[in-house]
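So you can see what is in the structure, the chains are spelled out below.
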Amino acid sequence: MYHLMKGIYMQATKKEEYSVLILGLDNAGKTTLLEQLKRIYNEGRSVPADKIVPTVGQNMSHVTVGKMHMKLWDVGGQENLRSLWRAYYSDCHAIVFVVDSTDRARIEECRNSLQAVVTDDTTEGIPVLMLANKQDRDDSMEVEDIKEIFNKIAEHLSARDSRVLPISALKGTGVREAAEWLAIRLARNKQYRPPNRR
Ligand code: G3D
Ligand code: MG
């Protein structure tokens with residue numbers, strides 16, 4: 001009886017946590033976004049923008065958005081690292097796909113890459129947030145144009161939550177809105193993909 005009670009107690013007190021996978025081509029701004037989220041939600045414990053180096057392997061950080069605990073995974077986006085993304089799909093609760101809005105030359109590569117992510121069986125039904133990053137730059141594509149490019153993919157997403165939002169990971173513009181959108185969708189999808197407890 002004691003053990004049973006203890007078990008129930010442990011279940012109730014363990015923190016609920018959602019894993020969020022941050023994907024996108026190299027140079028999209030994934031690590032900058034992760035650091036910005038830490039800056040906003042974890043009281044400034046982050047690496048300054050000029051100290052961020054290209055990601056080899058992965059960065060992981062915990063952030064708390066409102067009452068929701070998130071574990072954020074920033075996995076390297078270089079072509080040879082993209083094959084590793086799949087290993088994370090089945091354990092994640094949402095995907096954030098970061099797009100460099102100034103990189104017109106690679107927008108097609110970006111679209112194909114996102115397409116591969118969302119059509120994978122193991123990502124079925126989880127929320128996908130596309131972020132049109134670097135909106136602070138004069139040469140960035142409009143969010144409407146980026147939406148159009150990703151419209152075709154959105155057809156695959158019809159049964160799940162997806163959204164395209166404009167941000168500047170560097171300046172922090174739109175980052176709160178993105179995090180709040182995620183928090184709402186993660187909670188809404190709770191029955192389908194329950195949080196981890198730790
Ligand atoms: P990645 O982790 O997706 O590979 P990084 O990308 O976060 O390392 O960012 C790649 C470069 O883009 C960095 O510039 C970074 O400062 C810049 N960047 C990221 N987000 C933004 C943004 O919102 N606006 C602008 N203007 N630049 C951004 P460097 O020069 O260090 O390579
Ligand atoms: Mg990086």
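Conventions and cut-offs
- Residues numbered from 1 in each chain as written.
- Chains lettered and ligands numbered in written order.
- Predicted model: local features only at pLDDT ≥ 70, side-chain atom pairs only at ≥ 80, totals over all residues.
- Heavy atoms only, no water.
- Helix = DSSP H or I, 4+ residues; strand = E, 2+ residues; numbered from the N terminus.
- Buried < 20%, exposed > 50% of the residue type's maximum accessible area, 1.4 Å probe, protein only.
- Contact = heavy atoms within 4.5 Å.
- Phe/Tyr/Trp six-rings, centres within 6.5 Å; stacked < 30°, edge-to-face > 60°.
- Axes fitted to C-alpha atoms, helices over the stretch in contact; angles between N-to-C directions.
- Parallel < 35°, antiparallel > 145°, perpendicular 65-115°, else oblique.
- Nonpolar A, V, L, I, M, F, W, Y, C, P; charged D, E, K, R; others polar.

Chemist: In this structure, what is going on with the side chain of Arg111? I would like to understand it.
Modeler: With respect to the secondary-structure elements, Arg111 resides in helix H4 (residues 107-118). Residue classification places Arg111 among the buried positions, given a relative accessible area of 18%. Non-local contacts of Arg111, meaning those with residues more than four positions away in its chain, are made with Ile149, Phe150, Lys152 and Ile153.

Chemist: Just to check I follow, could you spell out the packing of aromatic side chains for this structure?
Modeler: Centre-to-centre distance and the angle between the planes together describe a pair of aromatic rings. A complete count under the given rule lists two aromatic pairs for this structure. Taking 5.7 Å as the distance between ring centres and 55° as the angle between the ring planes, the aromatic pair formed by Trp73 and Tyr88 counts as tilted. Of this pair, Trp73 sits in strand S3 (residues 68-75) while Tyr88 sits in helix H3 (residues 86-89), and the two are 15 residues apart along the sequence. Ring centres 6.4 Å apart and planes at 80° place the aromatic pair Trp85 and Phe97 in the edge-to-face group.

Chemist: Can you walk me through the packing of helix H2 (residues 30-41) against helix H6 (residues 175-188) in this structure?
Modeler: Angle between the axes and distance between the axes: these two values describe a pair of packed helices. Packing of H2 against H6 leaves a shortest axis separation of 10 Å and a crossing angle of 85°. Between H2 and H6, the crossing angle belongs to the class labelled roughly perpendicular. The residues of H6 that touch H2, namely those facing Leu33, Gln36, Leu37, Ile40 and Tyr41, are Val175, Arg176, Ala179 and Glu180. In terms of residue class, the contact of H2 with H6 is built from six nonpolar, one polar and two charged.

Structural measurements only, silent on function.
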